[in-house]
Amino acid sequence: MNNDITIIGAGIAGLTTACALAQKTRLSIAIIDTKPLAQTWQPDSYHHRVSAIALSSKRIFQNIGAWQHIASHRISPFNRITVWDNASSAEVSFRAAEVGEAQLGYILENNLMQDALLSCLQQLPQVIIHASTTLDMSQLQHSKLIIGADGANSWVRQQAGIKLAAEDYGHDAIVATVRTAKPHEQNARQVFLQDGPLAFLPLNDSHLCSIVWSMPPEQAQATLALNDDEFKSQLSQAFSNRLGEVIETSKRFSFPLKKQRADRYIADRIALIGDAAHTVHPLAGQGLNVGLLDAAALVDVITDALHHNRDFGALQTLRRYERWRKGENALMLSGIDSIKALFCSNKQTTKALRSFGLNITQQMPLLKNLFINRAIGAYDGLPTLALY
Ligand SMILES: Cc1cc2nc3c(=O)[nH]c(=O)nc-3n(C[C@H](O)[C@H](O)[C@H](O)COP(=O)(O)OP(=O)(O)OC[C@H]3O[C@@H](n4cnc5c(N)ncnc54)[C@H](O)[C@@H]3O)c2cc1C
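Residues numbered from 1 in each chain as written. Predicted model: local features only at pLDDT ≥ 70, side-chain atom pairs only at ≥ 80, totals over all residues. Heavy atoms only, no water.

### Section: the state of the cysteines
So, point 1. A full pass over the atoms with the stated rule returns zero disulfides.
So, point 2. The thiol of Cys120 is unpaired, and the distance to the nearest cysteine sulfur, on Cys19, comes to 4.6 Å.
So, point 3. Among the residues examined, Cys120 registers a relative accessible area of 9% and is labelled buried. (Disulfide = S-S within 2.5 Å. Buried < 20%, exposed > 50% of the residue type's maximum accessible area, 1.4 Å probe, protein only.)

### Looking at the pattern of salt bridges
Should their charged atoms come close, side chains of opposite charge can pair.
So, point 1. If you walk through the whole model with that rule in mind, you get 14 salt bridges.
So, point 2. Residue Arg252 is joined to Asp228 by a salt bridge in which the shortest nitrogen-to-oxygen separation is 2.6 Å. With Arg252 in the loop between strand S14 (246-249) and strand S15 (253-262) and Asp228 in helix H7 (residues 228-238), this pair connects stretches of sequence that are 24 residues apart.
So, point 3. You can call Asp228 partly exposed: its relative accessible area is 39%.
So, point 4. Its salt-bridge partner being Arg310, residue Asp304 comes within 3.7 Å of it at the nearest N-O pair.
So, point 5. For Arg310, a relative accessible area of 41% corresponds to the partly exposed category.
So, point 6. Through salt bridges with shared partners, a single ionic network connects Arg179, Asp205 and Glu248. (Salt bridge = Lys/Arg side-chain N within 4 Å of Asp/Glu carboxyl O. Helix = DSSP H or I, 4+ residues; strand = E, 2+ residues; numbered from the N terminus.)

As structure tokens, then:
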């Protein structure tokens, strides 16, 4: 490989980085994935892998020209978030209007984002895509920078000898697309049940939601084994029939959930982004959003180095990326872990504390805005691509 930058992993974080770098620089870029890469989005059914996308992520897609493709196919905006605790009457609700926005975010199918990014790359001849390809490190020695965007089991991270702190959350997430009797009204709802959170994410059809139901692995196995009628009935009950009966369900899929934090985001001529650097519980819908901010921040650091005739792959240059994103992510990811610890505990004192927390948040507009601005990606220190 004789290109300037090699990106390992053509997931959403890797493809976004490739698009942005190709548009902002004259560098030659290769992107490599072990899997075949084809357009897979289908208009007649929703894909089971969806993500709640913050406005910062939307702006990144807009700024690299991928949003137009996504929006012309299918987007599911939401303008309200409602969270409640099943063990008490405590509830908090955020509305887009409270922060002067029309939407709080979008539910997007992961394969549609990937297709849009692949379409963008087709217009960028300095990016060469190697699908279904496995490499060893010796083939990468001529690249000035290797970007590890190869997900939670990152090969690049292992090759770089970067240590990983990993811990099971003790949850598997069951995902499915369901039809409910009542319309969702573009409200993204989540209830904290005794064993874990259950989210109903509103899709473009007013009666369809994508659900993410996190629970202990044994319980997830039992829930997957239910027949459709039993599953719909248990799901409606778990959600206290807030959207009436669940009347249809797609096939169910489950994902084990792990907390992972890379000790370093960089090594000599190596930078990690996205799930390669960190994974987090999906309860706050932030994993991909923070991964896209990593991508955008790394692009800023590389373009700035080029502008000042500095070596963009040197450890000294990459340190700025690590300081920036590791600091930001520590705040966001540990915040999410604290919510997980608070809401998935059955201790009486913790129950009281979370009920108090939800009630106080609901009553204090400033605190609410602080939370919501973090969640939607509206705060100081955002990378250029995430700005308007
Ligand atoms: C149930 C669930 C719900 C979620 N909901 C949300 C949400 O609402 N909002 C949100 O922001 N996030 C959410 N997330 C998190 C989000 O899905 C991930 O953070 C995101 O998909 C990670 O993207 P990535 O590009 O970093 O990695 P990946 O999507 O894992 O991509 C990595 C790529 O690298 C490739 N690869 C792997 N090894 C190699 C190798 N050795 N060589 C070459 N290529 C390789 C893989 O084939 C893959 O294409 C959720 C996660 C789960 C499990």
